[in-house]
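# Results of the structural survey
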Amino acid sequence: MSIDASSPLVQPARPSGLTRRRLLTSGLGLAGVAGLVMPSMAAYAAVEAAKDLVVTNYRPVPLGWPDAHRLTITVVADLHAGGPNMGLARVRQVVDAAQALDSDLIVIMGDYFATHRFITEHVPHAAWAAELGRLKARLGVYSILGNHDWWYDVAGVRNALAGVHIPILENDAVLLDDRGRRFWLAGLGDQLAHRLGPSRFEGVDDLPGTLARITTDDPVILLAHEPDIFTQVPPRVALTLAGHTHGGQIVLPFLPPLWTPSEYGARFAYGHIVEQGRHMIVSGGLGCSKVPLRLGVPPEILRVTLGA
Ligand SMILES: [Fe+2]
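The following refers to the structure shown. Keep in mind it's a predicted model, so treat the numbers as computed, not measured. (Residues numbered from 1 in each chain as written. Predicted model: local features only at pLDDT ≥ 70, side-chain atom pairs only at ≥ 80, totals over all residues. Heavy atoms only, no water.)

Attention now goes to the overall build of the protein. Within the protein, the secondary structure is distributed over 7 helices and 14 strands. Every one of the 308 residues in the protein was classed for burial, and the buried ones make up 56%. Within the protein, residue pairs in contact and separated by at least 24 positions form 76% of the contacts whose partners lie at least 6 positions apart. Per element, the accessible surface of the protein, about 12700 Å² overall, is 57% carbon and sulfur. (Helix = DSSP H or I, 4+ residues; strand = E, 2+ residues; numbered from the N terminus. Buried < 20%, exposed > 50% of the residue type's maximum accessible area, 1.4 Å probe, protein only. Contact = heavy atoms within 4.5 Å. Areas by Shrake-Rupley, 256 points an atom, 1.4 Å probe, with all protein chains shown as cover.)

Turning to the packing of helix α4 (residues 88-100) against helix α5 (residues 125-132), a few remarks are in order. In the contact formed by α4 and α5, the axes pass within 9 Å of each other and the chain directions differ by 20°. As judged from the angle between their axes, α4 and α5 are roughly parallel. Crossing of α4 over α5 shows right-handed handedness. For the pair α4 and α5, contact is made by L88, V91, R92 and V95 and by A127, W128, E131 and L132, respectively. Residues belonging to the contact of α4 with α5 are distributed by class as follows: 6 nonpolar, no polar and 2 charged. (Axes fitted to C-alpha atoms, helices over the stretch in contact; angles between N-to-C directions. Parallel < 35°, antiparallel > 145°, perpendicular 65-115°, else oblique. Left-handed = near helix turned anticlockwise from the far one by under 90°. Nonpolar A, V, L, I, M, F, W, Y, C, P; charged D, E, K, R; others polar.)

Using the criterion set out here, one finds 5 aromatic pairs in the structure. Ring geometry for W65 versus F183: centroids 5.5 Å apart, planes at 65°, classification edge-to-face. Here F183 lies in strand β7 (residues 181-187) and W65 lies in the loop between β2 (54-58) and β3 (71-76), a separation of 118 residues in the sequence. Take W65 and F183: they sit in the same class, and that class is buried. Taken together, a centroid distance of 5.6 Å and an interplanar angle of 10° make the contact between W151 and F201 stacked. You can see W151 sitting in helix α6 (residues 147-163) and its partner F201 sitting in strand β9 (residues 200-202), a full 50 residues away along the chain. For W151, a relative accessible area of 21% corresponds to the partly exposed category. For F201, a relative accessible area of 24% corresponds to the partly exposed category. (Phe/Tyr/Trp six-rings, centres within 6.5 Å; stacked < 30°, edge-to-face > 60°.)

This is the structure in structure tokens:
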């Protein structure tokens with residue numbers, strides 16, 4: 001099933017008073033929200049997490065990207081491999097679906113393994129990495145790391161990706177040549193890499209250092225696990241791609257996400273965001289954090305098309 005999100009986009013309004021910090025302060029995180037969901041709705045949310053898989057299409061038209069350069073990108077975000085909803089068979093299904101899009105470039109946005117409560121199937125790093133290693137694209141497959149990778153086993157994730165020859169862009173950029181049309185693919189270090197305390201983090205992100213790697217005028221695509229960096233991304237970057245939020249993961253009908261892991265609440269929770277001419281697309285991701293439930297945000301793979 002495909003959702004075409006390329007039509008005029010509506011930015012979700014920031015919910016009044018429901019910021020992450022306030023919810024954390026009151027002791028009500030995503031797990032608490034899930035605990036409030038009625039049992040029948042929770043059962044549905046478990047099914048939605050495990051069964052629905054959509055491809056969401058975007059056709060952004062950023063000023064910094066030449067119309068004449070058509071580029072397709074498949075975005076795989078927040079895999080969180082681990083049962084019940086993202087066991088190895090499901091990871092295979094995701095990889096098959098991503099590969100079937102036959103994009104020019106594939107990017108993988110971090111948070112590779114499940115760390116939520118209620119894991120029923122442990123998927124070893126070598127197993128999910130072997131599946132991701134099947135991904136092939138004309139211009140390559142690139143990755144970044146997420147906060148869960150840093151918090152729980154960053155060395156293991158690095159080794160697993162190295163083992164299947166998927167490069168990690170960490171405050172780094174590569175100049176790709178697409179049949180004579182060049183562009184930069186940059187990847188930011190994780191913004192929440194070190195937990196210092198409740199709601200206190202120290203990142204390993206270095207946006208100035210990353211941008212300093214860009215030494216020509218060619219267009220730039222930036223990969224950032226968390227979308228919050230967007231407020232600092234200069235117009236020089238044509239498109240920022242992000243994940244991390246899971247679109248709120250549990251979203252009740254007609255309401256903004258109850259909880260979003262962002263300092264900006266729902267502002268960057270999901271979708272195509274355009275601010276001051278700068279473009280960002282935030283994936284709702286594939287797996288789950290905290291609890292293996294999703295509601296109103298089906299697991300998705302993004303297909304982004306730039307250029308005419
Ligand atoms: Fe994350």
